[in-house]
Amino acid sequence: NFTPNAFVGEMVAELKEKLQNDKVVLGLSGGVDSTVAAVLLHQAIGKNLYCIFVNNGLLRKNEFENVLDQYKHMGLNVKGVDASSRFLDELADISDPETKRKIIGRVFIEVFDDESHLLEDVKWLAQGTIYPDVIESVSVKGPSATIKSHHNVGGLPDYMKLKIVEPLRMLFKDEVRRVGATLGIDAELLGRHPFPGPGLSIRILGDITLEKVRILQEVDAVFIDGLKSWGLYDKVWQAGAILLPVNSVGVMGDERTYEKVVALRAVESTDGMTADWVHLPYDFLMKVSNDIINKVKGVNRVVYDISSKPPATIEWE
Ligand code: XMP
């Protein structure tokens, strides 16, 4: 039986012993896993933990600014790096999902590497890898079995020459949340839905432009804020919006429109390996659909994804 208190005590002691006076660098993503890993490490080694939070331009609306502020309030030694245009430039005209992931993974490593070179004498790279990440990576056995290459696992170029420390690699998501609560991390932050490393890039089907990112950020914000104000957010394991690469005909006043379609996705799950679509109330779906179409320029149709995993996946790419 997992006891978060005991885990924290033992892990902090283990980290102290392992890391001594070494400097450690960690990439914060805004998610639960990297945040819990950071706070745990901060308890063990204090100011020797250097956190880097990269804006890849594919985060949720206002996420970079808001989360960076939260990290600072938590006392973490964190540097925010806005690399949005670097990522978006590299992603121009790319439609293939795995290529998107690879580019984002590579650019992230480049940005992160540049930043960690500014720090002197760093010995370790800390990561918020959790058990399901480990399993999914290990189970990938070749091109035909490759489902999705999760860029936040394992892949580090040799030139970084850092040793890896992953304090959460034996934990499931719910255990990570319980550890986070024991560490005194804000409940709202701990209750955040998982969000993929490649961010909105894999929810924009096809090629990515700044305009598409803007549209999807607005749609996503209406959906997520709606879930929160209707008290539904915590009943859902993960939710988000997908921008489809098709236009459909609509009508606005006397005018015919020909605009984007978005899909909403909300799933129940325990670890993301399997998932069921959530039976969100019709009244909620009606309200959120109207709000999206009225507020977000460029969208004239909203659909709701009623597929479960398997055989569908949670993300559309
Ligand atoms: P799928 O779409 O495979 O998603 O059912 C399962 C969980 O994994 C997340 N996901 C990713 N996370 N990098 C990540 O960090 C990725 O490339 C990636 N692809 C999917 C997805 O959001 C869901 O929580």
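Residues numbered from 1 in each chain as written. Predicted model: local features only at pLDDT ≥ 70, side-chain atom pairs only at ≥ 80, totals over all residues.

Going by the annotation in an unreviewed UniProt entry, the name recorded for the protein is GMP synthase [glutamine-hydrolyzing], with Flavobacterium psychrotolerans given as the source organism. Heading Catalytic activity (unreviewed entry) of the UniProt record for the protein holds this comment: "XMP + L-glutamine + ATP + H2O = GMP + L-glutamate + AMP + diphosphate + 2 H(+)". (UniProt positions renumbered as here; feature names shortened; annotations may be inferred.)

Visitor: Explanation requested: the sheet that holds strand β4 (residues 122-126) in the structure shown.
Guide: Sheets are built from strands that pair by backbone hydrogen bonding, the pairs being arranged parallel or antiparallel. One open sheet holds the five strands; their spatial order is β3-β2-β1-β4-β5, and the pairing between them is parallel. Strand pairing shows two members of the sheet lacking a second neighbour, β3 (78-82) and β5 (163-165), which therefore form its edges. Taken pair by pair, the neighbouring strands of this sheet meet at an average axis angle of 30°, ignoring direction. By the bridge criterion, five bridges tie strand β1 (residues 23-28) to strand β2 (residues 49-55) in an arrangement that is parallel. Paired with Gly 27 across the bridge in β2 is Ile 52. Helix α5 (residues 97-118) rests against β1, β2, β3 and β4 of the sheet, and its axis sits at about 140° to β2. (Pairing = 2+ DSSP bridges. Helix = DSSP H or I, 4+ residues; strand = E, 2+ residues; numbered from the N terminus. Axes fitted to C-alpha atoms, helices over the stretch in contact; angles between N-to-C directions. Contact = placed C-beta atoms within 7 Å.)

Visitor: Please explain the nonpolar core as it appears in this structure.
Guide: The nonpolar side chains of a soluble globular protein tend to be buried with one another. Formed by 72 residues in total, the largest nonpolar core has its most connected members in Val 24, Leu 26, Leu 41 and Val 219. The residues that make up this core include at least three from each of domain 1 (4-190) and domain 2 (209-304). In this structure Val 219 touches Ala 241, Val 262, Ile 292, Val 296 and Val 299, once residues within four positions along its chain are discounted. (Core = buried A, V, L, I, M, F, W, Y, C linked by C-beta atoms within 7 Å. Buried ≥ 20, exposed ≤ 12 C-beta atoms within 10 Å, placed from the backbone. Domains from an automatic or database assignment.)

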